[in-house]
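A structural walkthrough
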Amino acid sequence: DAKTTQPTSMDCAEGRAANLPCNHSTISGNEYVYWYRQIHSQGPQYIIHGLKNNETNEMASLIITEDRKSSTLILPHATLRDTAVYYCIVRVESGNLIFGKGTKLSVKP
Amino acid sequence: DTAVSQTPKYLVTQMGNDKSIKCEQNLGHDTMYWYKQDSKKFLKIMFSYNNKELIINETVPNRFSPKSPDKAHLNLHINSLELGDSAVYFCASSPRLGGRWSYFGPGTRLTVT
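Figured I'd write up the structure that's included with this text. (Residues numbered from 1 in each chain as written. Chains lettered and ligands numbered in written order. Predicted model: local features only at pLDDT ≥ 70, side-chain atom pairs only at ≥ 80, totals over all residues. Heavy atoms only, no water.)

To continue, consider the pairing of strand β3 (residues 19–25) of chain B. Bridge analysis of strand β1 (residues 4–7) of chain B against β3 of chain B gives four bridges, and the strand direction is antiparallel. In the strand pairing of β3 of chain B, Q6 of chain B is matched with C23 of chain B. (Pairing = 2+ DSSP bridges. Helix = DSSP H or I, 4+ residues; strand = E, 2+ residues; numbered from the N terminus.)

Structure below.
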């Protein structure tokens, strides 16, 4: 049980913002929200993580709701190279990431 | 200057054989992992190694054994290969146990015939 729910797939137009939602209604107070992505045939790549506050880095922004039951990963200007499976991860057992099924994002020209 | 490297990238072998996959990280990280991604694309943790000691061993068959000659290397040995072992195996490392900022290798696609 990955403890997260994500849409199976999403489409986004190139140059537009991609907003990827994630529900984690059973998250506990000390659990972080992590986002990774896996581009076809490559290893997963860390994107961003957060606890309570919104976070931004050079790759993306992470918006976490005040009750922490859901979050949204935002890619501000999606490119074709952002086509990938995006994983929202909350559950960490003994320090290990527990991956769910993720969202397959297709960025279209 | 690849951060996490794996060899080989592809491995095709017959049932019953013994094989190894090598992993090296040049990040100076303390913790290394092996993940398995099956045909349905589910990515599952297999092992974690912290400072050369196995600290978690998920419910994988004992035919699989991780071996770490030093902090920068974590090799995966598989004995008596079975058809169900066919998958992509990813090595990863992180600064410390906790999974944050994990860096993954490119993967090794194992096919057992």
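This part takes up the interface of chain B and chain A. Counting residues at the interface gives 20 residues for chain B and 19 residues for chain A. Between chain B and chain A lies a buried interface of about 1,600 Å² when both sides are counted; carbon and sulfur atoms form 54% of it. At the boundary of chain B with chain A, the tally comes to zero salt bridges. Our count for the contact surface shared by chain B and chain A stands at two residue pairs in polar contact (both at pLDDT 80 or more). Every element with two or more residues in the side of chain B that touches chain A is listed here: β4 (31–37) and β5 (43–50) of chain B. (Contact = heavy atoms within 4.5 Å. Buried area = accessible area lost by both parts, 1.4 Å probe. Salt bridge = Lys/Arg side-chain N within 4 Å of Asp/Glu carboxyl O. Polar contact = N/O pair within 3.5 Å; in protein donor to acceptor, adjacent residues only side chain to side chain.)

Further remarks concern the packing of aromatic side chains. Considering all chains together, one arrives at 10 aromatic pairs over all chains under this definition. Between the aromatic rings of Y36 of chain A and Y46 of chain A, the centroid separation amounts to 5.6 Å while the plane-to-plane angle is 75 degrees, which identifies the pairing as edge-to-face. With Y36 of chain A in strand β3 (residues 33–38) and Y46 of chain A in strand β4 (residues 45–50), this pair connects stretches of sequence that are 10 residues apart. Among the residues examined, Y36 of chain A registers a relative accessible area of 0% and is labelled buried. Seen in terms of ring centroids, F99 of chain A and Y35 of chain B are 5.8 Å apart; in terms of plane orientation they differ by 90 degrees. Their pairing is edge-to-face. Highlighted residues: F99 of chain A in the loop between β10 (96–97) and β11 (103–108) and Y35 of chain B in strand β4, drawn from two different chains. Among the residues examined, F99 of chain A registers a relative accessible area of 8% and is labelled buried. Judged by its relative accessible area of 0%, Y35 of chain B is buried. (Phe/Tyr/Trp six-rings, centres within 6.5 Å; stacked < 30°, edge-to-face > 60°. Buried < 20%, exposed > 50% of the residue type's maximum accessible area, 1.4 Å probe, protein only.)

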